[in-house]
Amino acid sequence: MRAMTPVVLPMCGAIAGVSVSSRAFVHVSGANRPTRCFVSGKPGTFSSSRSSTFPRGLSRRRGSVSVWARAPGGGNGDPRKAPDPNADGTGTTTIKDDDAFTTWLLDVEVPKSGKKIARQLSSLPLAISEFLAIAGFSALGTVIEQNKGTAWYVQNYPTNDPALGFIDYPLILNLGLDHIYTEWYFLTLLAALAASLTACTFTRQLPVWRVSADWKFMERPAALLKMEEAETLPRARSDDLAEKLAHRGYQVFRKGKALYAFKGLIGRLAPIGVHAGLLLTLGGAAYSGLGGLGGSVMVPEGTSFEIGQGLRRGNAFAPRPRGETDKVVVNDFTIEYLPNGQVSQFFSDLSVVDGTDGHEKQRKTISVNVPLRQGGVTMYQTDWEIASLRVRVADAVVSDGDDKTQSGNGDSGPAPDDAESFSGSVSPETDAKASESSGSGGASQREFAGDSLYLPMANLEGVGNFQGRIWGTFLPLNPGSDDETLKRKGVTLVARDFQSVAIYASDGSFAGVRRPGSGRPITVDGLQLIVEDMKGSTGLELKTDPGVPWVYAGFAGLMVTSFLSLLSHSQVWAVEDVGVQKLLHVGGRSNRAKEEFKTELDEILDELPEYL
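K.L.:
Can you lay out the sheet that holds strand β11 (residues 327-337) for me, pointing to particular residues and giving the numbers?
P.N.:
Overall, antiparallel pairing links the four strands, which are arranged β10-β11-β12-β13 in an open sheet. Here the strands that pair on one side only, and so sit at the sheet edges, are β10 (304-306) and β13 (360-367). Going from strand to strand, the sheet's axes swing by 25° on average, the running direction of each strand aside. With 10 bridges connecting them, β11 and strand β12 (residues 343-353) associate as antiparallel partners. Bridged to T334 within β12 is F347.

Structure follows, in structure tokens:
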């Protein structure tokens, strides 16, 4: 509704010279016939016209003039306000009124609200808080291993011993900290930061760039002398100043007696490039999180797998890699050890074979931090296991039943240090787990004499008294017996790495240690065994990162534009006074490196010749 403000003025004949800032209706009462007066917006003017009608809402007061004016900024006269559908006094709206309101909403109100929101989003404290939140979650994602199984978090983050005093597996799983980079709150932070950067670019950086890119000539000496650096030179010419500035790398422009020069304009454009690089990096990170695939495989040496089988779909719209039908063959797996026996590095010799015609596309030996890339898939070396043990039964020795072991001297290997976890007696639980891995692959004392047996190794970590990474297998002595007790009787072989194998007799007593490939036999339960070889399994993590090119491009652009943004934007103005004194007024400013700019401008002015 339009607002009407009553103003009481003298009679119509006495209001000459009235000044009203907006158009007003003046009602003169006390006359024989009603009169409508219009007060213009110019001081000292007043006009009137006879009329038989009055605007609604006018009051009649004898001997006075009531002026009803629209309040400042109100009604249909102000394009910034919504149009008043009751302006005609009918109290009804028409299609024209609806169209006018729609036009005002789209042309005035929506842009105005958008600018207000953009100004709020471009707040520096808001952007800094978003940066800190993203950095905090990223650090948390670095500390907490990502994309592991539930059982892994239950084992490594127990409730009775939480990490840092509060991080346990319920917290990790409930808050999605096992896959932070694809959780809604992390992606929301990325979107919020991208919105702040975009708003800052359009509300702050682009306007600054447009202003800086304009050629601005100043022709009034008083304006030049108010600048940061200003000086008036007698008997100097702008032509010489233009030459000196051009020699220093300035772009010089002339307009009559006025001069404008600048350099380092790229320093004003570079912050826009910094924002663009950050946006590209954020977009690439979000694309990798939402459109990436991942998975892990444990592949025994000498076997192969199809790349697509090792990838699990994270999101429905994640693209499949072009090399998903290719096969990866594990040709060899080796481990390097430190002098103290600890693992130093492990290597996998891999071949990528075309899934259609079978030709080898590439072959590479990978290790930790040295991945293999093929068809948009990156394969990282992450883990290893002992897959199988090859044992040869050299001979079957007939025993009395009490003489369980006969260990030969020679290359028996070092005795284990942890007696509880690697020596002593083996529990029935361990025997059962190891026998499950070997199945019926064992041999009787005479049936497989002289043959080599391939025994699969089972992971015994956490089984019985074993702690840490350890694998074991079981060689039954009587696999064909109908007696369940005799069927569960056999030799147990365990290993922590590929350097040595610990052997236990059927009663659980420690028999000895042998190095694979040493050729030295050991007699256990009437069997003369030779440990010939051990085969490993390589643990590979497969991952597709469709946003990696975006991230790399964003980082590259970010580094370049960050350096360019350090360049100062320097501007110099000059106007030549051709009067009697022939003065040259010079002024200048720079957005950074102000002392260097002052020194440079002083040197330029000192080089100007003085004409007599």
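K.L.:
An account of the nonpolar core is requested, with residue identities and associated values reported.
P.N.:
Within soluble globular proteins, side chains that are nonpolar tend to cluster in buried spots. Core analysis: the biggest nonpolar cluster contains 28 residues, and L493 and I503 have the highest contact counts within it. Those elements that place two or more of their residues in this core are β11, β15 (377-396), β17 (452-456), β19 (471-476), β20 (490-495), β21 (501-504), β23 (522-524) and β24 (527-544). Top element by residues in this core is β15. It accounts for five residues. If near-sequence neighbours (up to four positions away) are discounted, L493 is found in contact with L389, V391, L455, M457, W471, G472, T473, L475, V501, A502 and I503. Counting residues in hydrophobic clusters, the runner-up holds 20 residues, among them I172, L187, V274 and A286.

K.L.:
Give me the packing of helix α7 (residues 238-247) against helix α13 (residues 594-607): which residues, what numbers.
P.N.:
Here α7 crosses α13 at 135°, and the two axes come no closer than 10 Å. On the basis of the axis angle, α7 is oblique to α13. Seen from above, α7 lies across α13 with right-handed handedness. Along the contact surface, α7 presents L241, K244 and L245, while α13 presents I604, L605 and E607.

Conventions and cut-offs
Residues numbered from 1 in each chain as written. Predicted model: local features only at pLDDT ≥ 70, side-chain atom pairs only at ≥ 80, totals over all residues. Heavy atoms only, no water. Pairing = 2+ DSSP bridges. Helix = DSSP H or I, 4+ residues; strand = E, 2+ residues; numbered from the N terminus. Axes fitted to C-alpha atoms, helices over the stretch in contact; angles between N-to-C directions. Core = buried A, V, L, I, M, F, W, Y, C linked by side-chain atoms within 4.5 Å. Buried < 20%, exposed > 50% of the residue type's maximum accessible area, 1.4 Å probe, protein only. Contact = heavy atoms within 4.5 Å. Parallel < 35°, antiparallel > 145°, perpendicular 65-115°, else oblique. Left-handed = near helix turned anticlockwise from the far one by under 90°.

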